[in-house]
Amino acid sequence: MIVLKFGGSSVGTPESMHRVLEIVRKSFQKNNKVIVVLSALKGITNQLLEAASQANQGNETYLSAIEKITAKHIGFIRETIQIQHQSSLLTKIKEMCNEIEDICKGVFLVKELTPHSKDRISSYGEIMSTLIFSEVMTENGMENLWVDSTQLIKTNSDFGKAIVDMQQTKSNIEKILQKDRPRCFIFQGFIGSDQHGRRTTFGRGGSDYTASILGAIAEAEAIEIWTDVSGMMTADPTLVKNARVISDISYEEALELSHFGAKVLYPQTVSPALQKHIPVLIKNTFEPEHPGTKIQQKELVNGSPIRGISCMKGIALITLEGSGMIGSPGVSKKLFEALAAEKINVILISQSSSEYSICACIEEHLATNAKTVTDAAFAMEISIGQVKPLQVETELSIIALVGNNMKRRPGTSGKMFSTLGRNGINVRAIAQGSSERNISAVISDKDVGKAVNVLHEEFFEDTYKQVNLYICGTGNVGKKLVGQVKAQQQFLKEKMRIQLRVSGMANSRKQLFTEGGIDLESWQADMKDAQAMHLKAFIEKIKTDNKRNSVFVDMTASEDVASVYPQLLEKSISIIACNKIACSSSYKYYEQLKNLAYRYNAYFLFETNVGAGLPVLGTLNDLLRSGDEVLKIEAVLSGTLNFIFNNYNGEKSFSEVVRQAAKEGYTEPDPRLDLSGVDVMRKILILARESGYSLELSDIQNQSFMPEECLNCDLKDLYPVLEKHEDHFYSLIKGAQERGNKLKYVAEFNNGKAVTGLKEIDSTHDFYHLYGKDNIVAFYTKRYPEQPLVIKGAGAGAAVTASGVFADILRAVRL
């Protein structure tokens, strides 16, 4: 014998009911007897309860709701059953709908919907669906017996959550199943009756429980739960796109997952099957050949320690604490007795080893009642200060890792909590049983989607790690970065298991967000049609999106953008800064950003602040972390100025060479930042700070070679003003040439002091043979006291700068 249970989605349309018929037909061919358990037609239970609610509120719209229910069933009959066989069934359905109307009318008149009335109204959905299916089977030559579950399945009188009297139910059902014919028995799921014959229900999803009870009593070979998904999933597929079907799972694991929100299975389902060691299969009505999930006694010990991830929303965390609890027996007993008396179910318990506090999770809608009864139970202790009034936190969820393989396998919980921590997900409470089968954590509702995804990525996905980029700034360097990301996406996915997705993009005019990622082929056209840029709104959107592995990339030179870094770091969003302003502003702000990154498990990386794509800061940090100490730094840090003085020889004017540098993308948007030496000052300041010194920009002595008029003029007048001072610039280069020297803008840091300025470099100096736009940095350290560690290469240009930013992005997501 086999038990087949079909949910509402499986009988949602006449077409899907015929699918069910074919599945039952195939079971006939393989089994001697078949028990079919049916739910109400899709949506009917909700409609029945809504009609009851409308009647309770004195709203006559309950009548039209019942008319829709009647029409749906009549339409179903007319589409599934031949006209000559419809009459008697139509009469039965209409009589039942009239009964529903009569009950609702009573509710309407007295303005009271009792639990008994609610159960009676909701029971009609299963009765009507099974009557229709029984006739469909008969018409297709499949002999069957329609069985009234309310006559056989006996329960207590706890309406809405009735408990089955297994002994009496077993006796009733065995009498029916002993018959040789028919081979098929059709039962309603979800419903039974108490000792007075009043209809009861097992709660939503109780049809699974009905199937399990019948399977256990009949000692069936298997219980098949047919639904609209292909089995239990490693996570909720509405939250995790890469969730996959669990092929095999133990009874205990299935029980844990269903308890914590795996909606494909009703939690009580597993218990009767477990007691009789009957396999339970979760199958897809719309993909019947898929093997689905098999729940069985066998414990699987191979593969991942985690079988699945589940979550339960709508949770409140209640906390009782006080010094009077320490060493006082019976406090927990008193708390839970008070809750039990009000039928408040406790989902999770956590207590500190100091006994100072105990917390528990309950359904959120019960929180107010829980506080009232608990404060009343501990009124005396509260009045004398031994215990504080019950604290209630709402808008929380429970997320649970489930798996038998966690037993005696160190590191699973550490991996779980470090993954949550890296993504800025705060854990409010933790619980783990001694069986080591479940690790549960209480988190904020708003973090559920991110939490499930990062844990699934960590424990299940061997394909890729998804990274969400938010790029601010789409100028020369920003465009190059987007191009590099696009070019490398496939390589990163195949070779490094990283899926880079640009989830948001902004410039000074527009901002663009696209769920699923911005199209990097058409992003420039899409930006033209995007909404206006408002920095506050852009940052708020990133924060509320709350996506996993989020990285903010600042490709601007904006002080406003640099000012929002703390908001992002506090949300555990890593920052990659091409923008030098944050790291060269006040030391207090620089230190704040470093501390926030550390505190919130985010990364604040800014390699391109010094030397564009050169590994200057990375090398410096490696030296310091390995115990070295910086004694002195000499550097040419402006690729722009090096390009200018390498190309300026008097044949072209200084103004023309600067214009050429700007045209080739080597200067800042305002070239005066380069020409004034301020950009070099910022870079040496950052090097000094990264070396461990608390310097401010004002501490750096800058020996400028620029006439004041050139620095103070409007940007639009810069090039004419430079032409005006051509004699000054030529005198500088001419003097150096006459002495066989070259001009380099050099930054020096020594003994805690920094100086920048134009220097003549003779042919014996390491900096003499520095060509084009190259930078050079010489680190004199305790390990390199005489012969410095030298880093040299291109220090300007959109492509190399973008590559440095790209390297920081990959560093942040792989660390």
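Below or above, wherever it landed, is the structure these notes cover. Given the structure is predicted, the values throughout are model-derived calculations rather than measurements. (Residues numbered from 1 in each chain as written. Predicted model: local features only at pLDDT ≥ 70, side-chain atom pairs only at ≥ 80, totals over all residues. Heavy atoms only, no water.)

### Details of the overall build of the protein
Turning to step 1, where the next piece is worked out: Looking only at helices and strands, one finds 31 helices and 29 strands in the protein.
Turning to step 2, where the next piece is worked out: Computed over the C-alpha atoms, the radius of gyration of the protein is 36 Å, more than 25% above the 28 Å expected from 2.2 N^0.38 for a compact globule of 815 residues.
Turning to step 3, where the next piece is worked out: Structurally, the protein occupies a C-alpha span of about 115 × 70 × 55 Å along its principal axes.
Turning to step 4, where the next piece is worked out: With 815 residues in all, the protein has 54% of them scored as buried.
Turning to step 5, where the next piece is worked out: If you take every contact in the protein between residues at least 6 apart in sequence, the share linking residues at least 24 apart comes to 73%.
Turning to step 6, where the next piece is worked out: When the accessible surface of the protein is summed, it comes to about 35300 Å², and 48% of that surface belongs to carbon and sulfur atoms.
Turning to step 7, where the next piece is worked out: One finds the centroid of the 93 positive side-chain charges in the protein at a distance of 3 Å from the centroid of its 95 negative side-chain charges. (Helix = DSSP H or I, 4+ residues; strand = E, 2+ residues; numbered from the N terminus. Rg over C-alpha atoms; globule rule 2.2 N^0.38 Å. Buried < 20%, exposed > 50% of the residue type's maximum accessible area, 1.4 Å probe, protein only. Contact = heavy atoms within 4.5 Å. Areas by Shrake-Rupley, 256 points an atom, 1.4 Å probe, with all protein chains shown as cover. Lys, Arg positive; Asp, Glu negative; His and termini not counted. Charge placed at Lys NZ, Arg CZ, Asp CG, Glu CD.)

### Some remarks on helix α14 (residues 412-422)
Turning to step 1, where the next piece is worked out: Inspection of α14 places T412, M416, T419 and L420 among the buried residues, and these make up the whole buried set. All buried residues of α14 project into a common sector of 95° when viewed along the axis, lining one side.
Turning to step 2, where the next piece is worked out: Of the surrounding secondary structure, the elements contacted by the buried residues of α14 are β14 (391-402), β16 (438-444) and α15 (448-459).
Turning to step 3, where the next piece is worked out: With its phi angle positive at about 70°, G424 sits one or two positions after the end of α14. (Arc of directions from axis to C-beta.)

### So, the pattern of salt bridges
Turning to step 1, where the next piece is worked out: Scanning all chains against the criterion turns up 33 salt bridges.
Turning to step 2, where the next piece is worked out: For K5, the salt bridge is made with D208, and the minimal N-O distance between the two is 2.9 Å. In this pair, K5 sits in strand β1 (residues 2-6) while D208 sits in helix α8 (residues 206-218), placing the two residues 203 residues apart along the sequence.
Turning to step 3, where the next piece is worked out: Put simply, E143 and R181 hold a salt bridge, and the shortest N to O gap is 2.5 Å. Taken together, the residues span a long stretch of sequence, with E143 in the loop between α5 (115-139) and β3 (145-146) and R181 in the loop between α7 (166-177) and β4 (184-188) at a distance of 38 residues.
Turning to step 4, where the next piece is worked out: With a relative accessible area of 39%, E143 lands in the partly exposed category.
Turning to step 5, where the next piece is worked out: Look at the salt bridges and you will find they share partners, linking K580, D679 and K683 into a network. (Salt bridge = Lys/Arg side-chain N within 4 Å of Asp/Glu carboxyl O.)

### What about helix α4 (residues 87-110)?
Turning to step 1, where the next piece is worked out: Helix length check: α4 (24 residues) gives 35 Å between terminal C-alpha atoms against 34 Å at 1.5 Å per residue, within 8%.
Turning to step 2, where the next piece is worked out: For α4, every residue scored as buried is listed here: L89, L90, I93, M96, C97, I100, I103, C104, V107 and F108.
Turning to step 3, where the next piece is worked out: On the buried face of α4, the contacting elements are α2 (44-56), α3 (62-80) and α5.
Turning to step 4, where the next piece is worked out: Of the residues trailing α4, K111 is marked for its positive phi of about 55°. (Expected span 1.5 Å × (residues − 1).)

### Focus on the sheet that holds strand β22 (residues 574-577)
Turning to step 1, where the next piece is worked out: Strands sit in the order β20-β19-β18-β17-β21-β22-β23 across an open sheet of seven strands; the sheet is mixed. Strands at the two margins of the open sheet, each flanked by one partner only, are β20 (531-532) and β23 (604-605).
Turning to step 2, where the next piece is worked out: Relative to β22, strand β21 (residues 550-554) is paired through four bridges, and the arrangement is parallel. Counted as the bridge partner of V551 is S574 from β22.
Turning to step 3, where the next piece is worked out: Contacting β17 (465-472), β18 (498-506), β19 (510-513) and β21, helix α18 (residues 535-545) crosses the sheet at an angle of about 10° to β19.
Turning to step 4, where the next piece is worked out: Helix-sheet contacts for helix α31 (residues 798-814) involve β17, β18, β21, β22 and β23, and the interaxial angle to β18 is about 120°. (Pairing = 2+ DSSP bridges. Axes fitted to C-alpha atoms, helices over the stretch in contact; angles between N-to-C directions.)

### Points about the packing of helix α11 (residues 331-341) against helix α12 (residues 367-377)
Helix packing geometry: the angle between the two helix axes and the distance between the axes.
Turning to step 1, where the next piece is worked out: In the contact formed by α11 and α12, the axes pass within 9 Å of each other and the chain directions differ by 135°. It follows that α11 is oblique to α12 by the angle criterion. Viewed along their axes, α11 and α12 form a crossing whose handedness is right-handed. Along its contact with α11, which presents K334, L335, A338 and L339, the element α12 presents A370, V373, T374 and A377. (Parallel < 35°, antiparallel > 145°, perpendicular 65-115°, else oblique. Left-handed = near helix turned anticlockwise from the far one by under 90°.)

### Brief notes about a negative patch on the surface
Turning to step 1, where the next piece is worked out: A cluster of acidic residues, E67, E95, E99, E101 and D102, forms a negative patch on the protein surface.
Turning to step 2, where the next piece is worked out: If you tally residues by element for the negative patch, the top one is α4, at four residues.
Turning to step 3, where the next piece is worked out: Residue position: E101 is located in helix α4.
Turning to step 4, where the next piece is worked out: Its relative accessible area of 32% is what places E101 among the partly exposed residues. (Patch = residues over 30% accessible without salt bridge, like charges linked within 9 Å, V, L, I, M, F, W, Y side chains within 5 Å.)

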